[in-house]
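# Coordinate inspection notes
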Amino acid sequence: MIKVEIKTTQNRYPVYLQKGILELTGRMIKRYLSPCPVLLITDKNVSGHYAEICRQSLLREGFKPSTVVLEGGEKDKSLQSAFKLYGIALKEGLDRKSVVLALGGGVIGDLAGFVASTYMRGIPFVQVPTTLLAMVDSSVGGKVAVNHPRGKNLIGLFYQPSLVLADMDTLKTLPPREFLAGLAELIKYGIIVDKTLFQQFEHFAQISGKQQQREQGKESGFLQLDNSTLLKFITKAVLIKGKVVSMDEKENGLRRILNLGHTFGHALELATAYEYYLHGEAVAVGMMLAANLAAKLQMLGEKDAGRISALLFHLNPPAPPAGLTAKMVLNALISDKKKEGEELVFILPATIGKTVVCKSPPMEQVESVVKKYLNNHFL
Ligand SMILES: NC(=O)c1ccc[n+]([C@@H]2O[C@H](COP(=O)([O-])OP(=O)(O)OC[C@H]3O[C@@H](n4cnc5c(N)ncnc54)[C@H](O)[C@@H]3O)[C@@H](O)[C@H]2O)c1
């Protein structure tokens, strides 16, 4: 069993990574928290596969779980859902020593964490991530939030979990498209701080690329990642995220490097009303745009920009949707930043394994890379 310790100003907590750990949920939680009522929050795609395993494990160790199955999807990250969950928690008799458990992807994790952080001024919270994105990103670091009709994640806070239990076996049922979207966030760590990790991905892409030529009709070669390699990659990601978060928990500086590809990515999501791209897909395209912009601004060599785009291309990032124009993307870029009361800031790769902060780059350069993507010249 792999254990990564995350240290923050709020607390210190472990992330356990292990195939089959779901069966041990109760036992693992009991190491840190006494048996108590648990509000197990999940969604309808996850519950059929894993809720009962988790619930039985909690019962075996003397916890009293109540399961709530939500519809799933971004619309669940709302104050209305949180309000409904407070009501259930009260009805089930959860008190300040009770636990909220998030079993699912980033949507469930963000919402359940928000509920835990506000219910009775904050009760313990356990993350059991079941998507790759949640394992390598959202379950670690304590950002919890719900959406507002005017934007994503606008109502939230920093609230760290008591522990995180990541069971790689759950990824077996994850749709391939979701898996590849999560991999984008994983590759991001290679681009921002870990050249070796990036090279390992490149190496894998080359091997699987060759295999793909032999096995016609296969989707991305990354879908063939074997369990032990995947475990190494996930562990590396959690270590990196943990280190960044421990140095800058509230995103005053360093933590911003985790936003590589997110300025463009959020604009693409906003301009398409959150209906076309998965979050990780928008980040993948955003990282390609960021690499291209960096090369244009001579902050990154052409060769490295090409390597970044080539690697991300293996994730099958979506082609732009019909009707999406550069103006729509630029408007989204600007409005998103205005909302934050900030100038336009991009985290750009400076080389593989290092980033640079770029404030207010010339808009014609930004427009030109957006147009390149919209004209399908990246893909
Ligand atoms: N808190 C953070 O630091 C942070 C970081 C990145 C993203 N996020 C948030 O995370 C969310 C995206 O997370 P996500 O990509 O995990 O999306 P998600 O939670 O919507 O999960 C993706 C889909 O996969 C399904 N699913 C989950 N696990 C499954 C499994 N094992 N088998 C089958 N189906 C499964 C879900 O039901 C859903 O349909 C966004 O709301 C984003 O804002 C938060």
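Residues numbered from 1 in each chain as written. Predicted model: local features only at pLDDT ≥ 70, side-chain atom pairs only at ≥ 80, totals over all residues. Heavy atoms only, no water.

### Regarding the site of the ligand
Going by this rule: By convention in these notes, a residue is near a molecule or strand provided one of its non-hydrogen atoms lies within 4 Å of it. N or O atoms closer than or at 3.5 Å make up a polar contact, with two conditions inside protein: a donor-capable atom paired with an acceptor-capable one, and, for residues adjacent in sequence, both atoms drawn from side chains. Per-residue and other accessible areas follow the Shrake-Rupley method at a 1.4 Å probe size, with only the shown protein chains counted as cover for residues.
Looking at the ligand, there are 24 residues lining it, with Asp43, Gly106, Thr130, Thr131 and Thr173 nearest. Between a nitrogen atom of the ligand and a side-chain N or O atom of Asp110, the distance comes to 3.0 Å. Here Thr173 contributes a side-chain N or O atom positioned 2.8 Å from a nitrogen atom of the ligand. Its free accessible area being 870 Å², the ligand has 89% of it covered by the protein chains.

### Some thoughts on the nonpolar core
Note the following rule: Here the nonpolar core consists of buried residues drawn from Ala, Val, Leu, Ile, Met, Phe, Trp, Tyr and Cys, with membership extended through side-chain atoms lying within 4.5 Å. Accessible area is worked out with a 1.4 Å probe on protein chains only. A residue is then buried under 20% of its type maximum, exposed over 50%, and partly exposed in between. Every helix listed is a DSSP run of H or I at least four residues long, and every strand listed is a run of E at least two residues long, numbered separately from the N terminus. What counts as a domain boundary in this text is fixed by an automatic or database domain assignment. Contacts are residue-level and defined by heavy atoms, with any inter-residue pair within 4.5 Å sufficient.
By size, the foremost hydrophobic cluster in this structure holds 81 residues, and its most contacted members are Leu183, Phe222 and Ile234. Of the residues forming this core, the biggest block, twelve residues, is contributed by helix H10 (residues 279–296). Both of domain 1 (2–173) and domain 2 (179–374) provide at least three residues apiece to this core. When residues no more than four places from it in sequence are discounted, the contact partners of Phe222 are Phe179, Leu180, Leu183, Ile187, Phe201, Phe204, Ala205, Ser208, Leu311, His314 and Leu315. Counting 23 residues, the second largest nonpolar core, distinct from the first, contains Val68, Ala82, Ala112 and Tyr119.

### Overview of the sheet that holds strand E3 (residues 37–43)
Selection rule: Strands are labelled as partners when DSSP assigns at least two bridges between them. An axis is simply a line fitted to the C-alpha atoms; with a helix, the fit covers only the stretch in contact. Between two such axes, the angle follows the N-to-C directions and lies from 0 to 180 degrees.
Read across the sheet, seven strands follow the order E1-E2-E9-E6-E5-E3-E4 without closing on themselves; strand pairing throughout is mixed. Each edge of the open sheet carries a strand with a single partner, namely strand E1 (2–7) and strand E4 (64–70). Here the average twist between neighbouring strands, direction ignored, is 15 degrees. Helix H2 (residues 44–60) rests against E3, E4 and strand E5 (99–104) of the sheet, and its axis sits at about 160 degrees to E3.

### Focus: the domain arrangement of the chain
Definition in use: Throughout, the accessible surface (probe 1.4 Å) given up by two parts as they are put together, summed over both, is called the buried area. Any Lys or Arg side-chain nitrogen located within 4 Å of an Asp or Glu carboxyl oxygen qualifies as a salt bridge. Charged residues are taken to be Asp, Glu, Lys and Arg, nonpolar residues to be Ala, Val, Leu, Ile, Met, Phe, Trp, Tyr, Cys and Pro, and polar residues to be all remaining types, Gly included.
Once the domains are mapped, the chain shows domain 1 (2–173) and domain 2 (179–374). Once you take the C-alpha centre of each, domain 1 and domain 2 turn out to be 27 Å apart. Listed as interface residues are 26 residues of domain 1 and, on the opposing side, 28 residues of domain 2. Of the roughly 2,300 Å² buried at the junction of domain 1 and domain 2 (both faces included), carbon and sulfur atoms supply 69%. Our count for the domain 1 to domain 2 interface comes out at three salt bridges. Here Lys152 ties to Glu269 by a salt bridge, and the two come within 4.0 Å at their closest N and O atoms. Only E1, strand E2 (12–17), helix H5 (132–138) and strand E8 (151–158) provide two or more residues apiece to the side of domain 1 that touches domain 2. Sort the elements by how many residues they give to the side of domain 1 that touches domain 2 and H5 lands first, with five residues. Class assignment of the residues belonging to the side of domain 1 that touches domain 2 gives a composition of 14 nonpolar, six polar and six charged.

### Here we look at helix H6 (residues 176–193)
Here is the rule: Here, expected helix span is obtained from the residue count minus one, scaled by 1.5 Å.
With 18 residues, H6 should cover 26 Å at 1.5 Å per step; its first-to-last C-alpha distance of 26 Å lies within 8% of that length. A large share of H6 lies buried, amounting to 14 of its 18 residues.

### Examining the pattern of salt bridges
Taken as a whole, this structure holds 19 salt bridges when the rule is applied. Glu5 is paired through a salt bridge with Arg12; the nearest N and O atoms lie 3.3 Å apart. Using a relative accessible area of 36% as the deciding quantity, one classes Glu5 as partly exposed. For Lys241, the salt bridge identified is with Asp137, shortest N-O distance 2.7 Å. With Lys241 in helix H8 (residues 227–247) and Asp137 in helix H5, this residue pair connects regions lying 104 residues apart in the sequence. With respect to class, Lys241 is no different from Asp137; both count as buried.

### A short note on the pairing of strand E11 (residues 354–359)
Put simply, side chains in a regular strand alternate between the two faces of the sheet. Here six bridges tie strand E10 (residues 345–351) to E11, and the two strands are oriented antiparallel to one another. Note on E11: the bridge partner recorded for Phe346 is Cys358. Here E10 folds back onto E11, and the loop between the two strands holds two residues, one of which, Gly353, carries a positive phi near 105 degrees.

### Here we look at unusual backbone geometry
One can expect most non-glycine residues to show negative phi and most peptide bonds to be in trans. The backbone of Ala273 sits at a positive phi, close to 55 degrees, despite the residue not being glycine. Positive phi, normally seen in glycine, also occurs at Ser360, with a value near 40 degrees.

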